[in-house]
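Chain by chain, the residues run as shown.
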There are 2 protein chains.
Amino acid sequence: MKKNCIVAQSGGPTAAINASLAGVIKGAIDSEVYDKIYGSVHGIQGVLNLNFLDLSDATPEFIDKLQKTPAMYLGSCRFKLQDMEESTSEYEKIFDIFEQLNIGAFFYIGGNDSMDTVAKLSKYSQAINSDIRIAGIPKTIDNDLIETDHTPGFGSAAKYIASGIREMAYDTCIYNVSSVTIVEIMGRDAGWLTAAAALARNEYIHAPHLIYLPEVNFYEEQFLSDLQKLLAKYRNVIVAVSEGIHDENGNYLAASLATADKFGHAQLSGAGKYLENLVKNRLGIKVRSVEINIPQRCAGHLISKTDITEAFRAGEAAVALTELGKTGFMTNFVRVSENPYTCDVSSVSVARVANKAKAVPREYINKDGNDVTEAMINYLKPLIQGEVYTEFTDGIVDYLDISHLTNQ
Amino acid sequence: MKKNCIVAQSGGPTAAINASLAGVIKGAIDSEVYDKIYGSVHGIQGVLNLNFLDLSDATPEFIDKLQKTPAMYLGSCRFKLQDMEESTSEYEKIFDIFEQLNIGAFFYIGGNDSMDTVAKLSKYSQAINSDIRIAGIPKTIDNDLIETDHTPGFGSAAKYIASGIREMAYDTCIYNVSSVTIVEIMGRDAGWLTAAAALARNEYIHAPHLIYLPEVNFYEEQFLSDLQKLLAKYRNVIVAVSEGIHDENGNYLAASLATADKFGHAQLSGAGKYLENLVKNRLGIKVRSVEINIPQRCAGHLISKTDITEAFRAGEAAVALTELGKTGFMTNFVRVSENPYTCDVSSVSVARVANKAKAVPREYINKDGNDVTEAMINYLKPLIQGEVYTEFTDGIVDYLDISHLTNQ
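Residues numbered from 1 in each chain as written. Chains lettered and ligands numbered in written order. Predicted model: local features only at pLDDT ≥ 70, side-chain atom pairs only at ≥ 80, totals over all residues. Heavy atoms only, no water.

**Description of the overall build of chain A**
Here is step 1: When helices and strands are tallied, chain A shows 14 helices and 15 strands.
Here is step 2: Relative to its length of 408 residues, chain A is compact, with a C-alpha radius of gyration of 23 Å against a globular reference of 22 Å.
Here is step 3: Considered along the principal axes of its C-alpha atoms, chain A spans approximately 75 × 45 × 45 Å.
Here is step 4: Taking all contacts inside chain A whose residues are at least 6 apart in sequence as the whole, residues at least 24 apart take part in 75%.
Here is step 5: As displayed, chain A offers around 14500 Å² of accessible surface, 47% of which is attributable to carbon and sulfur atoms.
Here is step 6: Of the side-chain charges in chain A, 37 are positive and 51 negative, and the distance between the mean point of each set is 4 Å. (Helix = DSSP H or I, 4+ residues; strand = E, 2+ residues; numbered from the N terminus. Rg over C-alpha atoms; globule rule 2.2 N^0.38 Å. Contact = heavy atoms within 4.5 Å. Areas by Shrake-Rupley, 256 points an atom, 1.4 Å probe, with all protein chains shown as cover. Lys, Arg positive; Asp, Glu negative; His and termini not counted. Charge placed at Lys NZ, Arg CZ, Asp CG, Glu CD.)

Here it is, written out as structure tokens:
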């Protein structure tokens, strides 16, 4: 008798996480093992609340559009399961529901926090000798999961950031006046996304002229000195900084700028705004800051075909691996060759991945700590290749109907 | 004997101003009247400094790619000519150079400040009985030029903003937690661009749930009350605000939030950041602000085909009108019919346009001052229609070589 399966999404949105969902759905539809496909709404909480969408009859058109729809079709959650050593009540409830719904496999698409859930469910499943397969599928724009060459969602965010910075270079060079533009990019602890800004460069676009990642300490005086050197060479300088840059004591720059509103409440501004003020006050030059903000993770109109294709494969492979009896794993990417770029989808024990983070290695950052190296560029380049055709209706980007999330 | 012509760009960048430049070049190449086409670098300053690019041999490929290249291929300036009643020295220098270069026409693509330059040069030309034609071609993302249905550059910015807000709606609805997102949009005095946010809506995307333009006074208590009503209905509320919203005394909200950095310097934050703090402190709800910032005017990868086509026509028509002997004009758009949308390119005396601004009429704003009306939607919709194929090289948006601007 066929079993059913559940798929859910968790953590922050990316432009590729729905492609992994599409891969799971396609894999499960094509499968001899699985019958019904339940989409759990709002992650593992959807299981606990019995909040499911039936995805079993997904059409090829639906699956295709889902791949290109940003953010999370099934919604998300930030929910940490209790350790089973402390209490098993949540686990019992979840596995009771799995039983009632005749579940053969549970697929969870998420980042390192979500892999904690996968690891815990796997451990409990093993402890009670359940044959329900538990599988993780990676995603995060931050690219900070270990045991995988890169993560789905990163390539699209990287492509968006690099293209955006190239366009800002067109914007900032028009006046015959020196200027500095500080661009703040997501990634509090890992600098992968900020590093991707380097891909904006070509023979005549020199932006970003400086790149600062959170993996190295940020020294304000050194930055001002770097900047002045660049301004002697280029009229309009663009600086890419991670939101998480910090001084040698680990203090975030962002935290140094406490802003008081008229109620007297303190409010943190970002690293970009902080540096804008620093440059203005110290160098007296025209300066602005741009925070790329949430578009870097939800701009479905500018995504990497490589990323979307791989995200889909990571979902599809997870289904295939559970069919072979595998459980307690996360699908991962193994770079096979650089030129031409090829990448295998494999798997790794999820217990090794959960709650860990991958920082940018020092050899990917230049000696002065204000740029990335050629090795980083070579690593990044394949991940942003290829474009995906965006649908428009009435002149506006058109994605899947998400009334189940917006009409509540 | 054929005459030569000069074309230049001025004011802030848009994604369509190069399409007007392409139209001028195409018009002049096809013309029986003009021979050499000089591109003046950095606006009228390029004339004074004899800083020209020769555009006479532009290929069809160059013209095509120019249309899709954002910002300003010829660079810009912020330069106000002295009144000729005060001093004619600048005018004499400019017309001497015109004479030396055998110029028959000068084309200036810009906003209302730039039309001041066109008006002044026209007036001087007339005063000295010169037969050099002086023509203005409109552009501004702000859509605030009078005597034209709309301005080139606005439709592309509007399309980008509406698409971006739709994507943010996908991003913000994923958690089962109430939230508010404040999106700050350009337009200090005119709310056209902020109004365009309304185009993000469809049957299930209700964002933006509130829209505040600078044409009506902003009342904080009313805003908080509006917001609470919306939050009772929708879990995740998105608010679109113009950077220029102000209280009944004309004080910008942005100015109310003076932030002090560690040097003790005051720094203005934007209206979005101000409202983020207000909502956080007063409603204690999850809130973030997003400033769309310069991408709304330089995102060449998401532009309106209608806008680019019309911008090109506005440039081409300017050449044709000078061939007929016309001078001292700005090309303008006249909406002929709504459904199907058709738009004529005509012209208007530039003296009527210069230094004036078109605000959003009250009937385009709802009674409560927190949304736009159906009439506004009907006005906006045709302007964002159609997509333009973006070129990518190595995964990154690829535009014309601008080394003449970046390598200096």
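**Some details on a negative patch on the surface**
Here is step 1: Taken together, the side chains of E92, D96, E99 and D131 of chain A define an acidic patch exposed on the protein surface.
Here is step 2: With respect to the secondary-structure elements, E99 of chain A resides in helix 4 (residues 89–100). (Patch = residues over 30% accessible without salt bridge, like charges linked within 9 Å, V, L, I, M, F, W, Y side chains within 5 Å. Salt bridge = Lys/Arg side-chain N within 4 Å of Asp/Glu carboxyl O.)

**Focus: the interface of chain A and chain B**
Here is step 1: The interface is formed by 86 residues belonging to chain A together with 86 residues belonging to chain B.
Here is step 2: Roughly 7200 Å² of surface becomes buried between chain A and chain B when both sides are summed, with 55% attributable to carbon and sulfur atoms.
Here is step 3: When residues of chain A are sorted by the area they lose upon contact with chain B, E167, Y170 and Y204 of chain A head the list and together hold 10% of the total.
Here is step 4: Taken together, the links from chain A to chain B amount to four salt bridges.
Here is step 5: In terms of residues, the side of chain A that touches chain B owes the most to one element, helix 6 (residues 154–172) of chain A, which gives 10 residues. (Buried area = accessible area lost by both parts, 1.4 Å probe.)

**Concerning helix 5 (residues 112–127) of chain A**
All names here are of chain A.
Here is step 1: The end-to-end C-alpha separation of helix 5 is 22 Å, in line with the 22 Å expected for 16 residues at 1.5 Å each.
Here is step 2: When you tally the buried positions in helix 5, you get 12 out of 16 residues, the bulk of the element.
Here is step 3: N112, S114, M115, D116, T117, V118, A119, K120, L121, S122, Y124 and S125 are the residues of helix 5 that are buried.
Here is step 4: Structurally, helix 5 contributes buried residues whose contacts are with helix 2 (44–48), helix 4, strand 4 (103–110), strand 5 (133–138) and strand 12 (329–338).
Here is step 5: At the C-terminal side of helix 5, N129 shows a positive phi close to 55°. (Expected span 1.5 Å × (residues − 1). Buried < 20%, exposed > 50% of the residue type's maximum accessible area, 1.4 Å probe, protein only.)

**Some words on the layout of surface pockets**
Here is step 1: Empty space within the second largest pocket amounts to approximately 460 Å³.
Here is step 2: The class makeup of the residues in the lining of the second largest pocket is 10 nonpolar, four polar and three charged. (1 Å grid on protein atoms, 1.4 Å probe; cavity = no way out; pocket = protein on both sides within 12 Å on 5 of 7 lines; lining within 4 Å. Points joined across faces, edges and corners; volume = space filled by probe spheres on them. Nonpolar A, V, L, I, M, F, W, Y, C, P; charged D, E, K, R; others polar.)

**A few points about the pattern of salt bridges**
Residues and elements named next belong to chain A.
Here is step 1: Per the counting criterion, the structure on display carries 38 salt bridges over all chains.
Here is step 2: Notably, a salt bridge pairs E391 with K68, separated by 3.7 Å at the nearest N-O pair. With a gap of 323 residues between them, E391 in the loop between helix 13 (374–380) and strand 14 (392–393) and K68 in helix 3 (residues 60–68) connect regions that are remote in the sequence.
Here is step 3: Among the ionic contacts, a cluster of salt bridges with common partners joins D64, K65, K68, E391 and D398.

**Thoughts on helix 3 of chain A**
Here is step 1: The set of residues buried in helix 3 of chain A consists of F62, I63, K65, L66, Q67 and K68 of chain A.
Here is step 2: Check the buried side of helix 3 of chain A and you find it contacts helix 1 (17–30) and helix 12 (305–323) of chain A.

**Some points on the sheet that holds strand 7 (residues 210–212) of chain B**
Residue and element names in this part refer to chain B.
Here is step 1: If you walk across this open sheet you meet the four strands as 7-8-6-11, and the pairing is parallel. Each edge of the open sheet carries a strand with a single partner, namely strand 7 and strand 11 (286–291). If you compare each strand with its neighbour and ignore which way they point, the axes differ by 15° on average.
Here is step 2: Along the sheet, helix 8 (residues 220–233) makes contact with strand 6 (179–185), strand 7 and strand 8 (236–242), crossing strand 7 at roughly 160°.
Here is step 3: Helix 10 (residues 271–283) rests against strand 6, strand 8 and strand 11 of the sheet, and its axis sits at about 160° to strand 6. (Pairing = 2+ DSSP bridges. Axes fitted to C-alpha atoms, helices over the stretch in contact; angles between N-to-C directions.)

**Looking at the relation of the copies chain A and chain B**
Here is step 1: Once turned by 180° and shifted 0.0 Å along the axis, chain A lies on chain B with an RMSD of 0.0 Å. In the structure described here, the two chain copies are related by an operation that fits a two-fold rotation axis. (Least-squares fit on C-alpha atoms with pLDDT ≥ 70 in both.)

**Thoughts on the pairing of strand 13 (residues 341–349) of chain A**
Residues and elements named next belong to chain A.
Here is step 1: As paired elements, strand 12 and strand 13 share nine bridges and run antiparallel to each other. Across the sheet, residue E338 finds its bridge partner in strand 13, namely Y341.
Here is step 2: Taken together, strand 12 and the strand that follows it, strand 13, pair antiparallel across an intervening segment of two residues.

**Description of the side chain of T69 of chain A**
Here is step 1: Counting through the fold element by element, T69 of chain A comes out in the loop between helix 3 and helix 4.
Here is step 2: In contact with T69 of chain A, not counting residues within four places along its chain, are A15, N18, Y399 and L400 of chain A together with Y170 of chain B.

**Some thoughts on the environment of S31 of chain A**
All names here are of chain A.
Here is step 1: Note that S31 resides in the loop between helix 1 and strand 2 (34–40).
Here is step 2: In this structure S31 comes out as buried when scored by relative accessible area, which is 3%.
Here is step 3: Distance in space between the C-alpha atoms of S31 and K367 is 51 Å, their sequence separation being 336 residues.
Here is step 4: Once residues within four sequence positions are removed from consideration, S31 is found in contact with K2 and E323.

**Concerning the packing of helix 8 of chain B against helix 10 of chain B**
All names here are of chain B.
Here is step 1: The N-to-C vectors of helix 8 and helix 10 enclose an angle of 70°; their axes lie 11 Å apart at closest approach. The pairing of helix 8 with helix 10 is recorded here as roughly perpendicular in orientation. Taken as a pair, helix 8 and helix 10 cross one another with a handedness that is right-handed. Facing E220, E221, F223, L224, L227, Q228 and L231 of helix 8, the residues of helix 10 in contact are Y274, L275, L278, V279, R282 and L283.
Here is step 2: Class assignment of the residues belonging to the contact of helix 8 with helix 10 gives a composition of nine nonpolar, one polar and three charged. (Parallel < 35°, antiparallel > 145°, perpendicular 65-115°, else oblique. Left-handed = near helix turned anticlockwise from the far one by under 90°.)

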